[in-house]
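# Fold and geometry: a report
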Amino acid sequence: MVLVPVAPGRPLLWPPIVERLQTLLPDAPVYLVGGAVRDAFLHRPLKDLDLAGPSDGRPLARQIADALHGAYYPLDPQRGVGRALITWQDEDITIDVAQFRGADLLADLTLRDFTVNAMAVPLVGDLQHLLDPLDGLGDLQARRLRMCAPEAIADDPVRSLRAIRLSIIFGLLIEANTRQAVRAAAPHLTHCSAERIRDEFLAILGTAKPAAGLVALQQL
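Here's what I pulled together on the structure shown here. (Residues numbered from 1 in each chain as written. Predicted model: local features only at pLDDT ≥ 70, side-chain atom pairs only at ≥ 80, totals over all residues. Heavy atoms only, no water.)

Further remarks concern the overall build of the chain. From N to C terminus, the chain includes 10 helices and eight strands. Its C-alpha radius of gyration of 17 Å places the chain within 12% of the 17 Å reference for a compact globule of 220 residues. Expressed along its principal axes, the backbone C-alpha trace of the chain runs to roughly 50 × 35 × 35 Å. A sequence separation of at least 24 residues applies to 65% of the contacts in the chain between residues at least 6 apart. With the model as given, the accessible surface of the chain reaches about 11,000 Å², and the carbon-plus-sulfur share is 54%. Here the chain holds 22 positive side-chain charges and 26 negative ones, and the gap between their average locations is 6 Å. (Helix = DSSP H or I, 4+ residues; strand = E, 2+ residues; numbered from the N terminus. Rg over C-alpha atoms; globule rule 2.2 N^0.38 Å. Contact = heavy atoms within 4.5 Å. Areas by Shrake-Rupley, 256 points an atom, 1.4 Å probe, with all protein chains shown as cover. Lys, Arg positive; Asp, Glu negative; His and termini not counted. Charge placed at Lys NZ, Arg CZ, Asp CG, Glu CD.)

Spelled out as structure tokens, the structure:
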């Protein structure tokens, strides 16, 4: 399947650090992915950037950290994920670089949690064209939260908590199949990392509407 770039209908608002990354990695076949693309469309402040490409992301993360006088950390050697922590124009920015989950970009996006987090923009090229094979942009504009694949939440039950957090932050309605999957995943949370559960729960409490988050948790 060939991924065809589409114009989003409104400008994607990128922070200046993205242009610096373009000059720093002019030949790297990597993509801006995940929440950064979503937030660029919504014109939300961006302090965390995720990049993904076909090869181990750790060397690129180290290259970014070294070039911008930041710190480098190998996050996940098995999945080829590295992190650069930098300060750019007096702001602290986290840049994670990962190898594709799966064989290519399409597989990577399909294996993500929700469609609104499954859009990509090539780092080198037109930053105003995005790749959106799962219609995350359509879901975002319709204020709908939809899982990328039927097994997305069952494969990682902590995503059920993330669904509630995203619905609260962005005012998204959890669509029926995703809602059913969230409810079905609840008993399996006991098998997940307590630290990950804690982080998602505290993030829900840290939203502008923590009471609504608690009500949703109780219902689901």
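Still more to cover.
Here helix 7 (residues 158–170) contains 13 residues, and its C-alpha end-to-end distance of 19 Å stays within 8% of the 18 Å for a straight helix at 1.5 Å per residue. When you tally the buried positions in helix 7, you get 12 out of 13 residues, the bulk of the element. Of the positions making up helix 7, those classed as buried are Val158, Arg159, Ser160, Leu161, Arg162, Ala163, Ile164, Arg165, Leu166, Ser167, Ile168 and Phe170. (Expected span 1.5 Å × (residues − 1). Buried < 20%, exposed > 50% of the residue type's maximum accessible area, 1.4 Å probe, protein only.)

Here the focus is the pattern of salt bridges. Here the structure, examined in full by the defined rule, presents 13 salt bridges. Between Arg44 and Asp39 there is a salt bridge; the shortest N-O distance is 3.6 Å. Overall, Arg44 belongs to the partly exposed group, its relative accessible area being 35%. Salt-bridge contacts for Arg165 lead to Glu200; the nearest nitrogen and oxygen are separated by 2.8 Å. Remark: Glu200 occurs in helix 9 (residues 194–205) and Arg165 occurs in helix 7; sequence separation between them is 35 residues. (Salt bridge = Lys/Arg side-chain N within 4 Å of Asp/Glu carboxyl O.)

This part takes up the packing of aromatic side chains. Taken as a whole, this structure holds one aromatic pair when the rule is applied. When the ring of Tyr31 is compared with that of Phe100, the centres are 6.2 Å apart and the planes differ by 35 degrees; the resulting orientation is tilted. Note that Tyr31 is positioned in strand 1 (residues 31–33) and Phe100 in the loop between strand 5 (91–99) and helix 4 (105–110), a separation of 69 residues in sequence. For Phe100, a relative accessible area of 12% translates into the label buried. Across the ring face of Phe41, the terminal group of Arg10 is positioned such that the distance to the ring centre comes to 5.2 Å. (Phe/Tyr/Trp six-rings, centres within 6.5 Å; stacked < 30°, edge-to-face > 60°. Lys NZ or Arg CZ within 6 Å of the ring centre and 35° of its normal.)

All right, on to the packing of helix 7 against helix 9 then. Between helix 7 and helix 9, whose axes approach to 9 Å, the crossing angle comes to 10 degrees. The orientation of helix 7 with respect to helix 9, classified from their angle, is roughly parallel. Across the interface between the two elements, Val158, Leu161, Arg162, Ile164 and Arg165 from helix 7 touch Arg196, Ile197, Glu200, Ala203 and Ile204 from helix 9. Considered class by class, the residues forming the contact of helix 7 with helix 9 number six nonpolar, no polar and four charged. (Axes fitted to C-alpha atoms, helices over the stretch in contact; angles between N-to-C directions. Parallel < 35°, antiparallel > 145°, perpendicular 65-115°, else oblique. Nonpolar A, V, L, I, M, F, W, Y, C, P; charged D, E, K, R; others polar.)

As a further point, take the nonpolar core. A general feature of soluble globular proteins is that nonpolar side chains tend to end up buried together. Judged by nonpolar contacts, the single largest core of 54 residues is most densely connected at Trp14, Ile17, Leu32, Leu49, Ile64 and Ile95. In terms of residue count, the dominant contributor to this core is helix 7 (five residues). (Core = buried A, V, L, I, M, F, W, Y, C linked by side-chain atoms within 4.5 Å.)

What follows covers a nonpolar patch on the surface. A cluster of nonpolar residues, Phe201, Leu202, Leu205 and Leu214, forms a patch on the protein surface that exposes about 330 Å² of accessible area. Secondary-structure assignment places Leu202 in helix 9. (Patch = residues over 30% accessible without salt bridge, like charges linked within 9 Å, V, L, I, M, F, W, Y side chains within 5 Å.)

Time to look at the sheet that holds strand 5. One open sheet holds the six strands; their spatial order is 3-4-5-2-1-6, and the pairing between them is mixed. With one partner strand each, in any of the chains shown, strand 3 (71–76) and strand 6 (120–122) form the two edges of the open sheet. Sheet twist, expressed as the average angle between the axes of neighbouring strands with direction ignored, equals 30 degrees. In this sheet, strand 5 lies alongside strand 4 (residues 81–88) in antiparallel orientation, the contact comprising eight bridges. For Gly82, the partnering residue across the bridge sits in strand 5 and is Val97. Against the sheet, helix 2 (residues 35–42) engages strand 1, strand 2 (48–53) and strand 6, with an angle of about 80 degrees to strand 1. This element, helix 3 (residues 58–67), spans strand 2, strand 3, strand 4 and strand 5 of the sheet and lies at about 15 degrees to strand 4. (Pairing = 2+ DSSP bridges.)

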